[in-house]
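For reference, the chains in residue letters:
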Amino acid sequence: MKQEIELSKSAGARHPDDGARPVSGSMRFQILGPLRIWRDDVELSAGPRQQGNLLALLLARAGRPISVSNLTELLWGEDAPTSATNVIHKYVGTLRRLMEPSLPPRATGSYLRRHGGGYLFAPGAGTLDLVSFRELTGAARASVALRDRDRALDSYVEALQLWRGPAGDTYASGSAATSIFAALDREFLDVCVSAAELAVSLSCSGRVLQPLRLAASMAPLNEPVQASLISALGAAGHQADALKVFRTVRSRLLEDLGIDPGPALEAAHRHVLTQATTAEDSAGAGRGQTLDRLPPEPLVRPAQLPPDLPAFVGRTEELATLSALRSGSGGAGRTGPLIVALDGMGGVGKSTLAAHFAHLVSGDFTDGQLYLDLRGDQTSDESVSAGDAVGSLLSSQGVHVSSIPETLAARVGTFRSLTAGKSILVLLDNASDCAQVRSLLPNSPESLVLVTSRKPLVELAAIDGAHLLHLDPPDMRTARELVRRRLVSAPNRAVVGCASPADILDEIIELCGRLPLALAILAGRLSARPRLALADVAAELRDGTQRLAAFSSSHSVRDPRAAFAWSYRQLSPDAARLFRLSSAAMAPGLSAAASASLAGHPGPVARATLRELADAALLDEDDRGRFTSHVLVKAYAQELFLTHEPALDRTAATARLLQHYLHSGYRAAMVLAPERPMVAPSPAPAGVAPEQPTTYDEAMRWFDDHREVLPEAVRRTAEGDFGVAGWQVALTMQPWLRRSGRFHDWQDVMRVALVSASDRGDRVGAAHVMCSLADACSYLAAYAEALDLISSAQQIFAEHGLLAEQGVVHSTLHRIHSELGQHQRALEENERALALYRAAGIEQGEIWASAAQGRSLVRLGALDEAMSCLDEALARGEKSEWTTDEADILISMAECLGAMGHQHRAVEHLERAVDAAAESQNRIGVFEASIMLCEAHLGLDEVPGACRAWRQACDAMHAMQNGGTRNMRDRVCDMGDKLTEVTEFYPRSQDTQR
């Protein structure tokens with residue numbers, strides 16, 4: 001019961017854009033590759049990783065039960081928590097409701113069913129790809145037995161098309177469940193071998209090449225699979241590709257296992273070597289008189305792809321997307337080639353991915369592969385013109401230089417005529433714009449065009465139907481493997497005096513922002529200098545102003561700075577200036593409004609320049625509308641900021657940004673707590689356009705979106721004279737920090753603000769911060785420190801005659817003494833607060849004091865008087881429309897009603913308090929009302945209601961920073977123990993919820 005409960009939350013649904021579409025009005029599950037589920041036409045998230053892992057295991061064992069004990073071992077192994085059984089029950093309940101939202105509370109549903117001491121997944125017709133795969137392979141074997149080999153191959157091909165990668169994908173790695181998913185993969189490999197043998201015998205080997213390539217990538221050392229791929233490629237006329245596969249497998253077997261190829265591989269190799277070369281079909285016949293003047297086909301089928309990167313790793317999702325687009329195209333219904341345009345920042349690996357995928361599918365294009373570097377990442381004089389580009393492609397098609405037409409239009413017409421009806425793969429690297437690409441599109445729906453560019457080629461998508469694929473830097477696991485593969489020949493990377501080489505390597509990768517180009521250059525440096533310590537490289541990279549120097553080279557190696565510089569040179573003056581200024585951002589993200597203040601531009605101008613920077617891949621917009629830059633791009637911007645912006649302009653830009661956060665935060669805080677005494681900042685200077693949240697939800701969301709930047713803004717104010725008091729920025733956060741339960745952040749930011757105010761000799765500012773910090777400390781039970789701070793603040797406020805602030809001091813003292821159980825002392829402090837609020841004319845302060853007086857009187861046993869105070873506070877709050885304290889007043893009234901013996905009325909007040917606190921996003925109020933509601937229900941022997949309230953308290957506590965305070969965790973655990981004692985309620989309640 002004392003284990004923390006992690007709640008699962010489904011992510012937003014999205015429409016499936018690849019793979020099999022779900023049956024309308026039903027569920028569909030995919031386990032043969034990445035785990036995916038759909039309800040009707042909407043894709044759903046399986047939830048947290050462990051919950052998804054549970055579903056993947058049940059799908060992999062479809063129709064067969066798995067006991068709870070086995071599930072526990074498969075999910076956690078030896079690290080299973082004591083609450084594992086209850087967590088599994090909770091996951092099952094959540095998944096059931098995900099699949100069937102209208103399912104009654106106690107119903108088991110159609111899919112996840114209880115079976116003895118465990119669960120099983122009961123698939124319906126057409127709902128699970130694994131079941132469909134097995135049905136189709138069974139039908140194929142039956143057709144083979146009946147000697148209907150054509151039908152057998154059809155069934156095999158249909159079955160293999162259901163497979164999209166290793167079964168269970170990421171859920172299969174690193175767990176005790178690996179063998180279950182590996183067994184499914186072996187089924188796929190065995191079927192591939194059988195299907196390949198049948199396809200070759202029927203001269204239809206091309207039908208199984210795609211699944212064979214997938215199987216070969218999944219099992220690079222599986223000799224029967226590799227032999228089947230070699231045989232199928234040879235039978236399809238791709239002898240060169242088949243021999244390349246053999247050489248690759250032979251090298252891999254020798255390097256990894258120290259063995260030579262087995263009989264199956266050798267036999268497949270000999271068979272390919274002895275096959276006759278397949279003659280190319282004549283393309284001139286039947287193409288009309290237009291081609292009578294065209295040159296003959298080239299003697300050698302063009303195979304111009306750049307070499308595939310031997311150390312290629314990762315990009316699983318992108319490769320899956322490309323494969324899905326390729327397999328889903330088929331040319332049916334299209335009048336032009338399939339076009340995929342990859343975009344992303346310089347050095348992110350667009351060209352490498354495009355070349356890798358091109359090699360994977362090159363065998364499918366019988367008329368060859370064309371490659372052209374359009375040099376769009378160079379100056380306009382150095383990039384390839386459209387006319388020269390078409391001329392180069394014509395030469396690849398066998399047109400003699402003297403026969404290439406002079407005009408661009410004639411060249412394009414000739415190229416389209418030559419490529420009509422052909423199956424060609426064209427890789428166009430480093431395109432500068434759509435105009436450069438459109439002249440180079442082959443005239444055939446059987447062709448594939450891969451384009452790479454720094455910016456998204458939107459026009460190509462709008463006019464020519466191109467699919468746009470954006471590339472971000474790879475994840476940490478892939479980046480680590482990328483570096484390690486490049487360093488495999490230089491293993492002596494020992495680091496002396498540091499935690500471990502792995503830790504330092506990870507730090508280096510993060511300091512490079514996981515950018516493949518940067519990692520490749522550093523790996524080259526380390527390989528060339530075996531004695532260069534990783535610690536020295538990490539130290540060099542830690543200096544943000546000099547970070548890019550670590551990649552500089554005297555050997556004309558294209559480094560990140562050069563890649564970014566090209567994009568920077570294409571910018572308009574306004575966009576270039578904003579890019580330089582963006583390095584002054586105080587957090588990874590910068591909103592459009594903050595960018596406008598930073599540059600001193602009107603909002604529309606700032607938004608236009610941000611779009612320009614995003615198109616240039618120098619900034620990236622996230623799902624919250626914030627613009628972020630890659631760590632190395634920001635380092636480049638910082639270099640430009642320091643060298644191109646005068647010192648006064650740098651200071652002015654930073655000051656405008658700090659003023660933006662101060663004034664925006666103040667306006668948001670006034671929406672959250674309009675009644676709270678708060679020092680208003682001086683008017684915003686020219687060029688600063690603060691954001692203006694108008695509703696409570698907008699204000700809470702504004703602070704949520706700026707939770708990283710505001711503490712950094714407080715720190716930045718202490719670094720120079722920017723005309724902004726850091727303590728004022730910090731205090732704007734207090735209403736949000738309190739209501740969202742971010743007690744440690746509250747402490748941290750106030751401590752920084754206190755040092756800043758003290759260093760500047762601002763005693764009143766320091767007093768404001770001390771008062772807030774004392775409040776935060778009291779929530780974390782640091783009462784001694786809180787009392788010291790509040791005493792110092794009280795003295796300063798008294799010296800300056802600040803009545804309202806002194807009232808806040810005594811209100812804080814009331815709460816501290818109440819927590820310490822000193823209720824008479826608390827009542828006295830509240831009386832002082834009430835007198836000060838009245839003297840200052842703070843009506844809301846009087847309401848606070850009335851509510852606080854009621855709380856103290858309840859605990860002193862003066863119940864009638866307490867209820868009178870609380871009724872007055874509630875009525876005045878409703879009249880004044882300040883309802884943010886309604887939940888706290890209702891909680892105190894419920895406590896009073898309970899002491900009077902009116903338990904049912906107390907429950908009603910607590911339920912109202914939960915709703916009121918939830919509406920104002922007051923997590924502390926939701927927790928307090930819920931835990932008291934649990935106890936009230938228990939007192940009335942209403943165990944189910946107590947359970948629901950206890951879960952509400954858990955939810956509210958877990959939503960707070962660090963899972964709430966120690967006091968909250970103790971109260972939750974104590975109440976959980978009470979629930980356990982009541983007829984072993986807790987486990988039974990979990991079954992009920994399922």
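Rules behind the numbers
- Residues numbered from 1 in each chain as written.
- Predicted model: local features only at pLDDT ≥ 70, side-chain atom pairs only at ≥ 80, totals over all residues.
- Heavy atoms only, no water.
- Helix = DSSP H or I, 4+ residues; strand = E, 2+ residues; numbered from the N terminus.
- Buried < 20%, exposed > 50% of the residue type's maximum accessible area, 1.4 Å probe, protein only.
- Contact = heavy atoms within 4.5 Å.
- Areas by Shrake-Rupley, 256 points an atom, 1.4 Å probe, with all protein chains shown as cover.
- Salt bridge = Lys/Arg side-chain N within 4 Å of Asp/Glu carboxyl O.
- Core = buried A, V, L, I, M, F, W, Y, C linked by side-chain atoms within 4.5 Å.
- Expected span 1.5 Å × (residues − 1).
- Arc of directions from axis to C-beta.
- Pairing = 2+ DSSP bridges.
- 1 Å grid on protein atoms, 1.4 Å probe; cavity = no way out; pocket = protein on both sides within 12 Å on 5 of 7 lines; lining within 4 Å.
- Points joined across faces, edges and corners; volume = space filled by probe spheres on them.
- Nonpolar A, V, L, I, M, F, W, Y, C, P; charged D, E, K, R; others polar.
- Phe/Tyr/Trp six-rings, centres within 6.5 Å; stacked < 30°, edge-to-face > 60°.
- Lys NZ or Arg CZ within 6 Å of the ring centre and 35° of its normal.
- Axes fitted to C-alpha atoms, helices over the stretch in contact; angles between N-to-C directions.
- Parallel < 35°, antiparallel > 145°, perpendicular 65-115°, else oblique.
- Left-handed = near helix turned anticlockwise from the far one by under 90°.

Draft legend 1. Layout of the overall build of the protein chain. Of regular secondary structure, the protein chain possesses 43 helices and 14 strands. Burial status across the protein chain gives 52% buried among its 994 residues. At a minimum sequence separation of 6, the contacts of the protein chain that also span at least 24 residues come to 68%. For the protein chain, the accessible surface area stands at approximately 43400 Å², while carbon and sulfur atoms represent 50% of it.

Draft legend 2. Representation of the pattern of salt bridges. Enumeration according to the criterion identifies 29 salt bridges in this entry. For R151, the salt bridge is made with D148, and the minimal N-O distance between the two is 3.7 Å. Since its relative accessible area comes to 30%, D148 is described here as partly exposed. Through salt bridges with shared partners, one network takes in R738, D775, R815 and E819.

Draft legend 3. Representation of the nonpolar core in the model. Residues F551 and F579 are the most contacted members of the largest nonpolar core, which totals 194 residues. The residues contacting F579, other than those within four sequence positions of it, are Y568, L571, L613, L618, V633, Y636, A637 and L640. Among the nonpolar cores identified, the runner-up in size contains 81 residues, and F133, A177, F181 and A232 belong to it.

Draft legend 4. Highlighting helix α24 (residues 603-615). The first and last C-alpha atoms of α24 sit 18 Å apart over 13 residues, in line with the 18 Å expected at 1.5 Å per residue. Listed in full, the buried residues belonging to α24 are A606, T609, L610 and L613. Burial along α24 is one-sided: seen end-on, the buried residues are contained in an arc of 105°. Turned more than 90 degrees away from the buried face of α24 sit P604 and R611, all of them exposed. Of the residues one or two after α24, A617 is the one with positive phi, at around 65°.

Draft legend 5. Local environment of the pairing of strand β10 (residues 448-453). With six of six residues buried, β10 lies mostly within the body of the structure. Here β10 shows two buried faces, one formed by L448, L450 and T452 and the other by V449, V451 and S453. Pairing analysis gives six bridges linking strand β7 (residues 338-343) to β10, with the strands arranged parallel. Its bridge partner being in β10, L342 is matched across the sheet by T452.

Draft legend 6. Summary view of empty space enclosed by the protein. One pass over the structure, following the stated rule, counts seven cavities of 30 Å³ or more. By volume, the largest cavity amounts to about 200 Å³. Around the largest cavity, the lining comprises 13 residues; the ones closest to its centre are R676, P677, L731, Q734 and H768. With three residues, helix α32 (residues 763-779) is the single largest residue contributor to the lining of the largest cavity. Taken together, the residues that form the lining of the largest cavity break down as eight nonpolar, three polar and two charged.

Draft legend 7. Structural detail: the packing of aromatic side chains. Tallying each qualifying case throughout the model produces 14 aromatic pairs. A ring pair is formed by F703 and W736, whose centres lie 6.0 Å apart and whose planes are at 20°; its orientation type is stacked. Residue F703 is located in helix α27 (residues 696-705), and its partner W736 is located in helix α30 (residues 734-739); the two are separated by 33 residues in the primary sequence. W736 matches F703 in its accessibility class, with the two residues each being buried. An aromatic cluster of three or more residues is present, and its members are F564, Y568, F579 and Y636. Sitting over the face of the ring of Y119, R114 holds its NZ or CZ atom 4.9 Å from the ring centroid.

Draft legend 8. A look at the sheet that holds β10. Pairing is parallel in the open sheet, where five strands are placed in the order β8-β9-β10-β7-β11. Of all strands in the sheet, those bounded by a partner on one side alone are β8 (369-373) and β11 (467-470). Between one strand axis and the next, the sheet turns by 15° as a mean value, whatever way the strands run. Two elements, strand β9 (residues 425-431) and β10, share five bridges in a ladder whose sense is parallel. When the sheet's bridge partners are listed, L428 is paired in β10 with V451. Docked against the sheet, helix α12 (residues 350-361) engages β7, β9 and β10, running at close to 165° with respect to β10.

Draft legend 9. Geometry of helix α35 (residues 823-840). Between the first and last C-alpha of α35 there are 25 Å, a value that for 18 residues agrees with the 26 Å anticipated at 1.5 Å per step. Within α35 the residues assigned to the buried category are H823, A826, L827, E829, N830, A833, L834, L836 and Y837. Residues of α35 that are buried sit in contact with α34 (803-819) and α36 (843-860). Of the residues one or two after α35, G841 is the one with positive phi, at around 70°.

Draft legend 10. Broad picture of the pairing of strand β5 (residues 112-115). Direction of pairing for β5 relative to strand β6 (residues 118-121): antiparallel, over a ladder of four bridges. Residue pairing in the sheet places H115 in a bridge with G118 of β6. Connecting β5 to the antiparallel partner β6 that follows it, the hairpin turn spans two residues, and G116 within it adopts a positive phi of roughly 60°.

Draft legend 11. Local environment of the sheet that holds strand β13 (residues 620-621). Read across the open sheet, the three strands follow the order β12-β14-β13; overall the sheet is antiparallel. Either end of the sheet is taken by a strand with one partner, and the two such strands are β12 (589-590) and β13. Examined bridge by bridge, β12 and strand β14 (residues 627-628) share two bridges and lie antiparallel to one another. Looking at β14, one finds that G589 is bridged to T628.

Draft legend 12. Looking closely at the layout of surface pockets. By volume, the second largest pocket amounts to about 1500 Å³. Around the second largest pocket sit 45 residues that line it, and Y779, R815, E819, R855 and D888 are the ones nearest its centre. Mapped onto the lining of the second largest pocket, the elements with two or more residues apiece are α30, α32, α34, α35, α36, α38 (886-900), α40 (923-939) and α42 (966-981). Top contributing element to the lining of the second largest pocket by residue count: α34, with seven residues. Per-class residue counts for the lining of the second largest pocket are 18 nonpolar, twelve polar and 15 charged.

Draft legend 13. Structural context of the environment of L32. Mapped onto the elements of the fold, L32 is located in the loop between β1 (27-30) and β2 (36-39). C-alpha of L32 to C-alpha of D129: the two residues are 97 residues apart in sequence and 6.7 Å apart in space. Excluding residues that lie within four positions of it along the chain, L32 makes contacts with D129, L130, F133, L162, W163, R164 and G165.

Draft legend 14. Region of interest: the environment of A594. With respect to the element layout, A594 can be found in helix α23 (residues 592-599). Put simply, A594 and S664 are 70 residues apart on the chain and 9.5 Å apart in space, counted from C-alpha to C-alpha. Aside from chain neighbours lying at most four places away, what touches A594 is L657, H660, Y661 and E691.

Draft legend 15. View of the packing of α36 against helix α37 (residues 863-880). Between α36 and α37, whose axes approach to 8 Å, the crossing angle comes to 155°. Taken as axis vectors, α36 and α37 run roughly antiparallel relative to one another. Both α36 and α37 take part in a crossing whose hand is left-handed. Only L863, E865, A866, C869, L870, E872, A873, R876, G877 and S880 of α37 make contact with α36, whose side of the interface consists of E843, Q844, E846, I847, S850, A851, Q853, G854, R855, L857 and V858. Of the residues contributing to the contact of α36 with α37, the split by class is nine nonpolar, six polar and six charged.

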